[in-house]
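Structure at a glance
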Amino acid sequence: DAGVTQSPTHLIKTRGQHVTLRCSPISGHKSVSWYQQVLGQGPQFIFQYYEKEERGRGNFPDRFSARQFPNYSSELNVNALLLGDSALYLCASSYRLAEYEQYFGPGTRLTVT
Amino acid sequence: AQSVSQHNHHVILSEAASLELGCNYSYGGTVNLFWYVQYPGQHLQLLLKYFSGDPLVKGIKGFEAEFIKSKFSFNLRKPSVQWSDTAEYFCAVNAGTSGTYKYLFGTGTRLKVLA
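This text gives an overview of the structure that appears in the document. Predicted, not measured: the structure shown is a model, and the values here were computed from it.

Okay, the overall build of chain B next. The secondary structure content of chain B amounts to 0 helices and 12 strands. Starting at the N terminus, the α and β elements of chain B follow one another as β-β-β-β-β-β-β-β-β-β-β-β. In terms of overall dimensions, chain B is globule-like: its C-alpha atoms have a radius of gyration of 14 Å, near the 13 Å expected for 115 residues. Each principal axis of the C-alpha distribution contributes one length, and for chain B these read about 50 × 30 × 20 Å.

Pasting the structure below:
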């Protein structure tokens, strides 16, 4: 079985632009979570979706939004990009919520100039 | 505020030495606890997890962790490390109520094992 896949691998954007990151979960997994990881820190939780509904949200501004599609894939959108949004964005999938381990993808490296 | 603390940021050990990495969390309710590892150039992967039951849990590659509820701790241990254990280790907590959850990760511990 394929693992969690994310696209694109790398992305360079300019301040003020908008970006969309994509994630495909492991087949059969119904939950997708998004994380931001800056250098030297642990992943910071952004969102969790389960069955197309938001089920968890971290402390990120409203510029960050996400959605989950009927096939359980997900998009993370970031508007009005700031230099500080430069980071590795990780997607993780799990079978369901809470008492299930998460499987992480390779991440999308976003650089904002 | 909810948080996860890993007190050791960098650890250097010789092969065959014992390892203990500390993890403390701040959350008053029911939690699920995890240790993840990231080997150089690889994805985050699960080492072990605790949901309930025996507070001493065993994971892959000879790692184990003990949940001490009274101390809000979930320390990772390995009796004898190998060069291949060189990696970054993250403690994580999943907590929530009413079907809404948050995941909190610690800042990570970089372990270097000298051959």
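Turning our attention to the pairing of strand S8 (residues 64-68) of chain B. Residues and elements named next belong to chain B. As defined by bridge partners, strand S7 (residues 56-58) adjoins S8 across 3 bridges and the pair is classed as antiparallel. Looking at S8, one finds that Lys58 is bridged to Glu64. If you look at the hairpin formed by S7 and S8, you'll find 5 residues sitting between the two strands, and Lys61 has a positive phi there, around 60°. Bridging between S8 and strand S9 (residues 73-78) involves 5 bridges; their strand directions are antiparallel. Bridge pairing in S9 links Ile68 to Ser73. The loop that links S8 with its antiparallel partner S9 comprises 4 residues; one of these, Phe72, has a positive phi angle of about 50°.

Now for the nonpolar core. Formed by 30 residues in total, the largest nonpolar core has its most connected members in Trp35(B), Leu48(B), Phe74(B) and Tyr89(B). Dropping the residues within four chain positions of it, Leu48(B) is found in contact with Leu33(B), Phe34(B), Trp35(B), Val57(B), Lys58(B), Gly59(B), Phe63(B), Glu64(B), Ala65(B), Phe74(B) and Leu76(B). Formed by 22 residues, the second largest nonpolar core is a distinct cluster that contains Leu21(A), Phe47(A), Val78(A) and Leu110(A).

Glancing now at the pattern of salt bridges. The final tally for this structure, using the stated rule, is 11 salt bridges over all chains. The salt bridge involving Arg63(A) is made with Asp85(A); its shortest N-O contact spans 2.8 Å. Of the two residues, Arg63(A) sits in the loop between strand S6 (53-57) and strand S7 (64-68) while Asp85(A) sits in the loop between strand S8 (74-78) and strand S9 (87-94), which places them 22 residues apart along the sequence. With respect to burial, Arg63(A) and Asp85(A) carry one shared label: buried. The partner of Glu64(B) in a salt bridge is Arg77(B), with the nearest N and O atoms 3.5 Å apart. Note that Glu64(B) is positioned in strand S8 and Arg77(B) in strand S9, a separation of 13 residues in sequence. Relative accessible area serves as the criterion here: at 23%, Arg77(B) is assigned to the partly exposed category.

A few words on the sheet that holds strand S3 (residues 19-24) of chain A. Residues and elements named next belong to chain A. Judged by pairing direction, the sheet is antiparallel, and its 4 strands sit side by side in the order S1-S3-S8-S7 without closing on themselves. The outermost strands of the open sheet, each flanked by one partner alone, are strand S1 (5-7) and S7. Averaged over all neighbouring strand pairs, the angle between strand axes comes to 15°, with direction disregarded. For S1 and S3, the ladder comprises 3 bridges, and the chain directions are antiparallel. For Ser7, the partnering residue across the bridge sits in S3 and is Arg22.

Before going further, it helps to spend a moment on the state of the cysteines. Residues and elements named next belong to chain B. In total, this model carries 2 disulfides over all chains according to the counting rule given. Cys23 shares a disulfide with Cys91; S-S distance 1.9 Å. Looking along the S-S bond of the Cys23-Cys91 disulfide, the torsion reads about -65°, which is the left-handed sense. In this pair, Cys23 sits in the loop between strand S3 (19-21) and strand S4 (24-26) while Cys91 sits in strand S10 (residues 87-97), placing the two residues 68 residues apart along the sequence. Note on accessibility: Cys23 and Cys91 belong to one class, buried.

The computed volume of the largest pocket comes to approximately 550 Å³. Lining the largest pocket we find 27 residues, and of these Gln37(A), Leu88(A), Arg109(A), Gln38(B) and Gln42(B) sit closest to its centre. Broken down by secondary-structure element, the contributors of at least two residues to the lining of the largest pocket are S9 of chain A together with S10 and strand S12 (109-114) of chain B. Ranked by residues supplied to the lining of the largest pocket, first place goes to S10(B) with 3 residues. For the lining of the largest pocket, the per-class residue count stands at 11 nonpolar, 13 polar and 3 charged. The computed volume of the second largest pocket comes to approximately 380 Å³.

The rules behind each value
Residues numbered from 1 in each chain as written. Chains lettered and ligands numbered in written order. Predicted model: local features only at pLDDT ≥ 70, side-chain atom pairs only at ≥ 80, totals over all residues. Heavy atoms only, no water. Helix = DSSP H or I, 4+ residues; strand = E, 2+ residues; numbered from the N terminus. Rg over C-alpha atoms; globule rule 2.2 N^0.38 Å. Pairing = 2+ DSSP bridges. Core = buried A, V, L, I, M, F, W, Y, C linked by side-chain atoms within 4.5 Å. Buried < 20%, exposed > 50% of the residue type's maximum accessible area, 1.4 Å probe, protein only. Contact = heavy atoms within 4.5 Å. Salt bridge = Lys/Arg side-chain N within 4 Å of Asp/Glu carboxyl O. Axes fitted to C-alpha atoms, helices over the stretch in contact; angles between N-to-C directions. Disulfide = S-S within 2.5 Å. 1 Å grid on protein atoms, 1.4 Å probe; cavity = no way out; pocket = protein on both sides within 12 Å on 5 of 7 lines; lining within 4 Å. Points joined across faces, edges and corners; volume = space filled by probe spheres on them. Nonpolar A, V, L, I, M, F, W, Y, C, P; charged D, E, K, R; others polar.

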